Structures are given as structure tokens and as C-alpha cells.
Amino acid sequence: MGVYTCGCGEYKDGSGQRMKKEPQFLAFAAVVIPSVALGVGGLVAGASRAVAADQSKQDFTKQLGEALGKGIANAFKVSELVTKAATANANDHPAEALALADEALKLDAGSEKAMIERGRALRQLKRLDEAIAHYEKAVTRHARSIPLRHGAALACDDAKQPRKALTHYEALVKLAPKDAGWVSAVGATYYELGDPERAIVELKKALALDPNHLAARSSLGFVLLKLGRNAEAVTEYEALVRLKPDEPRFQQRLAE
């Protein structure tokens, strides 16, 4: 049996004679030994990367969970504050409603419902310039919000600014073109702006959408009466009395 010597490239046979290693063995050793070393190193490196990736995944999952948890908690808090603000506004406590809405907006600056309640509170407090500024900022963020647009129009009406109110009513018509109420409001605002003929056109458009719309028909009758077009006004008020026979205001206008 051959006995290998260390690092000399030779071995001794049973008779003790030195002999050269076979070339195939040398080639095999030259390839396999480094490959084994590289393989082991690769396994170690791969294991390290796997551990690091797993730790990173755990950290990300934890952070995501914390963020989601905080977001959900904030959403619940904002909802609670908005509900309280709405109740305070409904019960004629606008100062309380304003404080609650402001607190909600600190947690979620984009909350449409909090913006609605804040605007309502400012209107009730008669802080009309602030209300208009608030609503105009709010509708840039929520351009398709009908409650915010309506609030803006009402604040402008309260402040006797019909030109500004008109821009919001016209925006409402674009958002809901088949809503007779918004078209009627456009007509009434044109009358306030000193354009009764345009008012009549818009009010008739509203009645084409809804012939039973009381506000549109009442406004039309009023404008016709003011223009001295009494026969046309009578027609409108007769229709109103039929629609709402228990409304003394319509009876009075008809008598006029």
C-alpha cells in the first residue's frame, strides 16, 4: 500500500521506493481542493446573506405593522372627532365644533369631513371671511366635494358676495348638472347681481329638470312679479298653491 508524503509530490510503495504521483491525481487535486474551499465559502456567505435578508424582512414587517397600526388608530380618532364636531354644530355649539374639527385636521390635514364641519362652525360663528378663505382652500384639495362647494357658496351668500357665490353655484352645476336645486340657485344669484332676464332663463332650466321644484318656481314667480309680468307670475303661483296648498306665503303672493 502506498504511503503519501506531505507536499513533496511523491509517495513510497511497499518496497520503500520513491515514485511520482500520477498526473491525473495532481490535476484532480488542483481542481477539487480549491473548488471545495470555494463551495464552503459560498455556502457560508449565502447563509450570512439569508440571515441578513430574513432580519431585514422582519424589521420591515414590524415597521409596516407599526405604521398601519398608527394609521388605523389615527383614522378612528379623526372619525370620532368629526362625529363630535357634527353633533356640536347641530346643537348650536360652533366654538366647540371648531376646536374639534381643528384637532381632527391636525391628525389628518386632508380630512374632507373635518373641513366640512370646520366651515360650518365658522359660518355659525359669523366669522365669514375666515369661512370663505377656509372653503376656498378646501375646494382646491377636494374639487369634486359637493358639501364643501355648497358651504363655500353659502358663506359667500352670508357675506353678501353674490359674485363669488355664483362661481361656486356654477361649479356645483358642473358637478351635478341634473340637480335642479343648483341651477335654481344660479338663477336666484343672477337676480341678486341685477340680471333678472338671465335669472329667468336659469330658473326655467331648473323647472325643465324638475317641474315640481318649489324654490325654482317660487323664485321665478317672484322675479316675474318684480318685472311687472303679472300674468306669468300668476301662472307660477297658481302652480305653487297646487303643489303646496298649506303654504300661506304662496297664497299671499298669488293675491298680490
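Worth saying up front: this structure is predicted, and the values here are computed from it rather than measured.

Colleague: Would you take a moment to explain the overall build of the protein for this structure?
Modeller: The helix and strand inventory of the protein stands at 11 helices and three strands. For the protein, the succession of helices and strands along the chain, N to C, is β-β-β-α-α-α-α-α-α-α-α-α-α-α. For the protein, with 256 residues in total, the buried portion stands at 32%. Considering only contacts in the protein between residues 6 or more positions apart, those separated by 24 or more positions represent 42%. Only carbon and sulfur atoms are counted for the fraction: they give 58% of the accessible area of the protein, which is about 15800 Å².

Colleague: Got a minute to help me understand the packing of aromatic side chains in this structure?
Modeller: For any pair of aromatic rings, the description consists of the separation of the ring centres together with the inter-plane angle of the planes. Scanning all chains against the criterion turns up one aromatic pair. Relative to Phe222, the ring of Tyr191 lies with its centre 5.7 Å away and its plane at 80 degrees, an arrangement referred to as edge-to-face. One end of the pair, Tyr191, is in helix α7 (residues 180-192); the other, Phe222, is in helix α9 (residues 214-226), with 31 residues separating them in the sequence. On the accessibility criterion, Tyr191 (29% relative accessible area) is partly exposed.

Colleague: Before we go on, may I ask you to explain the layout of surface pockets in this structure?
Modeller: With a probe scaled to a water molecule rolled over the atoms, the places where space remains empty come into view. By volume, the largest pocket amounts to about 190 Å³. Asp102, Leu105, Ala109, Met115, Arg118, His134, Lys137, Ala138 and Arg141 together form the lining of the largest pocket. If you tally residues by element for the lining of the largest pocket, the top one is helix α4 (residues 128-141), at four residues. Per-class residue counts for the lining of the largest pocket are four nonpolar, one polar and four charged.

Colleague: Just checking my understanding: could you explain the packing of helix α6 (residues 162-175) against α7 for this structure?
Modeller: Helix-helix packing is described using two parameters, namely the angle between the two axes and the distance between the axes. Across the interface, α6 lies against α7 with an axial gap of 9 Å and an inter-helix angle of 160 degrees. For the element pair α6 / α7, the angle class is roughly antiparallel. As α6 packs across α7, the resulting crossing turns out to be left-handed. Where α6 approaches α7, its residues Pro162, Leu166, Tyr169, Glu170, Leu172 and Val173 are matched on the opposing element by Trp182, Val183, Ala185, Val186, Thr189, Tyr190 and Glu192. Grouping the amino acids of the contact of α6 with α7 by side-chain chemistry returns 10 nonpolar, one polar and two charged.

Colleague: Hey, could you run me through the side chain of Ser218 in this one?
Modeller: Among the secondary structure elements, Ser218 is positioned in helix α9. In contact with Ser218, not counting residues within four places along its chain, are Tyr237, Leu240, Arg249 and Phe250.

Colleague: Would you mind showing me how to read the packing of helix α3 (residues 112-124) against helix α5 (residues 146-158) here?
Modeller: Contact pair α3 / α5: the axes reach a minimum separation of 10 Å and the direction vectors enclose 15 degrees. Compared by their axis directions, α3 and α5 come out roughly parallel. α3 and α5 meet at a crossing whose hand is left-handed. Contact with α3, carried on its side by Glu112, Met115, Ile116 and Arg123, involves Pro147, Leu148, Gly151, Leu154, Ala155 and Asp158 of α5 and no other residues of that element.

Colleague: Would you mind showing me how to read the nonpolar core here?
Modeller: If you look at soluble globular proteins, the nonpolar side chains tend to sit buried side by side. Counting residues in each nonpolar core, the largest one holds 35 residues, and the members touching the most others are Ala104, Leu148 and Tyr169. Those elements that provide at least two residues to this core are α1 (23-90), α2 (94-107), α3, α4, α5, α6 and α7. The residues contacting Leu148, other than those within four sequence positions of it, are Glu112, Met115, Ile116, Tyr135, Ala138, Val139 and His142. Core analysis: the second largest hydrophobic core is formed by 11 residues, Val183, Leu203, Ala216 and Ala233 among them.

Colleague: Looking at this structure, I do not really get α9. What am I missing?
Modeller: In an α-helix, one full turn covers 3.6 residues, which means residues spaced three or four apart are oriented alike. With 13 residues, α9 extends 18 Å from end C-alpha to end C-alpha; this agrees with the ideal 18 Å at 1.5 Å per step. Among the residues of α9, those classed as buried are Ala216, Arg217, Ser218, Leu220, Gly221, Val223 and Leu224. Elements that come into contact with the buried residues of α9 comprise α7, α8 (196-209), α10 (230-243) and α11 (248-255). Following α9 by one or two positions, Gly228 adopts a phi angle in the positive range, close to 80 degrees.

Colleague: Please explain the side chain of Glu236 as it appears in this structure.
Modeller: You can see Glu236 is positioned in helix α10. Since its relative accessible area comes to 11%, Glu236 is described here as buried. A polar side-chain atom of Glu236 sits 2.5 Å from a polar atom in the side chain of Arg217. Setting aside chain neighbours within four positions, we find Glu236 in contact with Leu207, Arg217, Leu220, Gly221 and Leu224.

Colleague: Just to check I follow, could you spell out the pattern of salt bridges for this structure?
Modeller: For side chains of opposite charge, pairing can occur when their charged atoms come near one another. Tallied over the full model, the rule gives 11 salt bridges. Of the charged contacts, one joins Glu236 and Arg217 as a salt bridge, the two residues approaching to 2.5 Å between their closest N and O atoms. Taken together, the residues Glu236 in helix α10 and Arg217 in helix α9 connect sequence positions 19 residues apart. You can call Arg217 buried: its relative accessible area is 14%.

Reading the values: the criteria
Residues numbered from 1 in each chain as written. Predicted model: local features only at pLDDT ≥ 70, side-chain atom pairs only at ≥ 80, totals over all residues. Heavy atoms only, no water. Helix = DSSP H or I, 4+ residues; strand = E, 2+ residues; numbered from the N terminus. Buried < 20%, exposed > 50% of the residue type's maximum accessible area, 1.4 Å probe, protein only. Contact = heavy atoms within 4.5 Å. Areas by Shrake-Rupley, 256 points an atom, 1.4 Å probe, with all protein chains shown as cover. Phe/Tyr/Trp six-rings, centres within 6.5 Å; stacked < 30°, edge-to-face > 60°. 1 Å grid on protein atoms, 1.4 Å probe; cavity = no way out; pocket = protein on both sides within 12 Å on 5 of 7 lines; lining within 4 Å. Points joined across faces, edges and corners; volume = space filled by probe spheres on them. Nonpolar A, V, L, I, M, F, W, Y, C, P; charged D, E, K, R; others polar. Axes fitted to C-alpha atoms, helices over the stretch in contact; angles between N-to-C directions. Parallel < 35°, antiparallel > 145°, perpendicular 65-115°, else oblique. Left-handed = near helix turned anticlockwise from the far one by under 90°. Core = buried A, V, L, I, M, F, W, Y, C linked by side-chain atoms within 4.5 Å. Expected span 1.5 Å × (residues − 1). Polar contact = N/O pair within 3.5 Å; in protein donor to acceptor, adjacent residues only side chain to side chain. Salt bridge = Lys/Arg side-chain N within 4 Å of Asp/Glu carboxyl O.

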